[in-house]
Amino acid sequence: MKVAFFGDIHGQVYHLLAAVIGWQKRTNRVLDMVVQVGDFGVERLEKMIQNEKIFLRYPANNPAQFDFLRVLSAGNQLAARLREIREQIAQPIYFLRGDHDEVEWLSLLSQGVESETVPVDPFDLFHYVHDGTIIECGGMKLAFFGGVEHPEK
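Described in the following lines is the structure provided in the data block.

Details of the pattern of salt bridges
- Enumeration over the complete set of coordinates arrives at 5 salt bridges.
- For the salt bridge of D32 with K2, the shortest nitrogen-to-oxygen distance reads 3.7 Å. Residue D32 is found in the loop between α1 (13–27) and β2 (33–36), and its partner K2 is found in the segment before β1 (3–6); the two are separated by 30 residues along the sequence.
- Its salt-bridge partner being D67, residue R70 comes within 2.5 Å of it at the nearest N-O pair. One end of the pair, R70, and the other, D67, are both in helix α4 (residues 67–72), 3 residues apart, so they sit about a helical turn from each other.
- With a relative accessible area of 6%, D67 lands in the buried category.

Right, here's the structure in full:
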């Protein structure tokens, strides 16, 4: 059983995908599961632009932090490439909520969903995992709990 864990990618999903696919090609092995352990970078553009100062900080510091948003709106060649990448991974990449992820949007996506994971993109690359979910893979059980609880909230 081969499981890879990543943390705090802050929207830089292309880096994550490149690391997974690159490792698989170098080792000639397929990862059974990939888990991103928080601060995935789930934010809607509408939410990000509500605070112009914060919004402008992203591209100034690291434009790759917009990559998750690029996946959500991918078309043509990028969409085709993302479909190819999806075929190269055993299952979607699972992620937990972090303290910098938009919990409201994740809650909206989760409404009415009976499964333990929620697809968040049109290519089935990434799935949000609800707190308290237990996923079994290869005879191993993984318990998921994400985020950070702020006493003032």
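Points about the pairing of strand β5 (residues 126–129)
- Burial along β5 is two-sided: F126 and Y128 and H127 and V129, pointing in opposite directions, are all buried.
- Inspection of the sheet shows strand β4 (residues 117–119) paired to β5 by 3 bridges, in the antiparallel sense. Paired with V118 across the two strands is Y128, which belongs to β5.
- The antiparallel hairpin formed by β4 and β5 contains 6 residues in its connecting segment, where D124 sits at a positive phi of about 60°.

About the criteria used
- Residue numbering note: each chain is counted from 1, following its sequence as written.
- A pLDDT threshold of at least 70 governs which residues receive local features in this predicted model, and a stricter bar of 80 or more applies before side-chain atom pairs are shown or counted, although totals over entire chains, interfaces and linings include all residues.
- Note: side-chain values were computed over all heavy atoms of the structure, leaving out hydrogens and water.
- Here a salt bridge means any side-chain nitrogen of Lys or Arg lying within 4 Å of a carboxyl oxygen belonging to Asp or Glu.
- The helix count covers DSSP runs of H or I at least four residues long, the strand count covers runs of E at least two residues long, and both are numbered beginning at the N terminus.
- Each residue is assigned to one of three classes by its accessible area relative to the maximum for its type, calculated with a 1.4 Å probe on protein chains only: buried under 20%, partly exposed between the two thresholds, exposed over 50%.
- At least two bridges found by DSSP between two strands are what make those strands a pair.

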